[in-house]
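Read off the chains here:
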Amino acid sequence: DLLFIRYASHVFHTYDKDGSNRLTASEVQHSLAFFNIYVSFRQVHEIMCMFLRDHGDATPEDERKAELTSTEFCILLLEIGKYSLKHRSETILGYFQSFPPSKRIDIVARAIVPLFLIVQQVVMHFLLPTY
């Protein structure tokens, strides 16, 4: 347990870019990706606010301005499974942010490769008479 706390604290300070000893939603999103937990920006601030409310802390009126301390971040990492990590979003960008990079590439490739093959066939069909 102590090893996890030290490691999580190290990650916290690595992603605390402004040195405020508090992580913003964007910083939490990047630090969660370090642990292979991929969520959209919207999901991050929703998770942060649900977590803060569950622990009796007040949340800002604008959920995007929520911040976590080092202790709260460590506890959130231990309890992250309690919060819905389903791939849902209102925007395409948010949807893709909730997947690991390998899955994003796979989704894009599944759409682009068939189109590329169709274009190749059309080009070859038009070039065939020149041979």
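Since this is a predicted model, take the numbers as computed values, not measurements.

Can you break down the packing of aromatic side chains residue by residue, with the values?
Across all of its chains, the model carries six aromatic pairs by this definition. Pairing Phe-12 with Phe-73 gives two aromatic rings, centres 6.0 Å apart and planes at 50°, and the pair type is tilted. Residue Phe-12 is found in helix α1 (residues 2-15), and its partner Phe-73 is found in helix α4 (residues 70-79); the two are separated by 61 residues along the sequence. An identical accessibility class is assigned to Phe-12 and Phe-73; each is buried. For the pair Phe-34 and Phe-35, a centre-to-centre distance of 5.7 Å together with 85° between the ring planes defines the contact as edge-to-face. Owing to a relative accessible area of 40%, Phe-34 belongs among the partly exposed residues under this scheme. Phe-35 gets classed as partly exposed once you look at its relative accessible area, which sits at 23%. Taken together, Tyr-7, Tyr-15, Phe-34 and Phe-35 form an aromatic cluster joined through their ring pairs.

I'd like a description of the packing of helix α2 (residues 25-34) against helix α3 (residues 41-54), backed by residues and values.
As a packed pair, α2 and α3 sit with axes 9 Å apart at the nearest point and diverge in direction by 105°. Taken together, the axis directions place α2 and α3 in an arrangement best described as roughly perpendicular. For the pair α2 and α3, contact is made by Ala-25, Ser-26, Val-28 and Gln-29 and by Phe-41, Val-44, His-45 and Met-48, respectively. Of the residues contributing to the contact of α2 with α3, the split by class is five nonpolar, three polar and no charged.

Explain the pattern of salt bridges to me, using residue names and the numbers behind them.
In this structure the tally under the stated criterion is six salt bridges. Linking Glu-63 and Arg-53 is a salt bridge whose minimum nitrogen-to-oxygen distance equals 3.5 Å. Taken together, the residues span a long stretch of sequence, with Glu-63 in the loop between α3 and α4 and Arg-53 in helix α3 at a distance of ten residues. The exposure class assigned to Glu-63 is partly exposed, which follows from its relative accessible area of 26%. A salt bridge links Glu-79 to Lys-82; the nearest nitrogen and oxygen atoms lie 4.0 Å apart. Since its relative accessible area comes to 18%, Glu-79 is described here as buried. Here Lys-82 falls in the exposed class, since its relative accessible area comes to 63%.

Calculation criteria
- Residues numbered from 1 in each chain as written.
- Predicted model: local features only at pLDDT ≥ 70, side-chain atom pairs only at ≥ 80, totals over all residues.
- Heavy atoms only, no water.
- Phe/Tyr/Trp six-rings, centres within 6.5 Å; stacked < 30°, edge-to-face > 60°.
- Helix = DSSP H or I, 4+ residues; strand = E, 2+ residues; numbered from the N terminus.
- Buried < 20%, exposed > 50% of the residue type's maximum accessible area, 1.4 Å probe, protein only.
- Axes fitted to C-alpha atoms, helices over the stretch in contact; angles between N-to-C directions.
- Parallel < 35°, antiparallel > 145°, perpendicular 65-115°, else oblique.
- Contact = heavy atoms within 4.5 Å.
- Nonpolar A, V, L, I, M, F, W, Y, C, P; charged D, E, K, R; others polar.
- Salt bridge = Lys/Arg side-chain N within 4 Å of Asp/Glu carboxyl O.

Just geometry here; none of it tells us what the structure is for.
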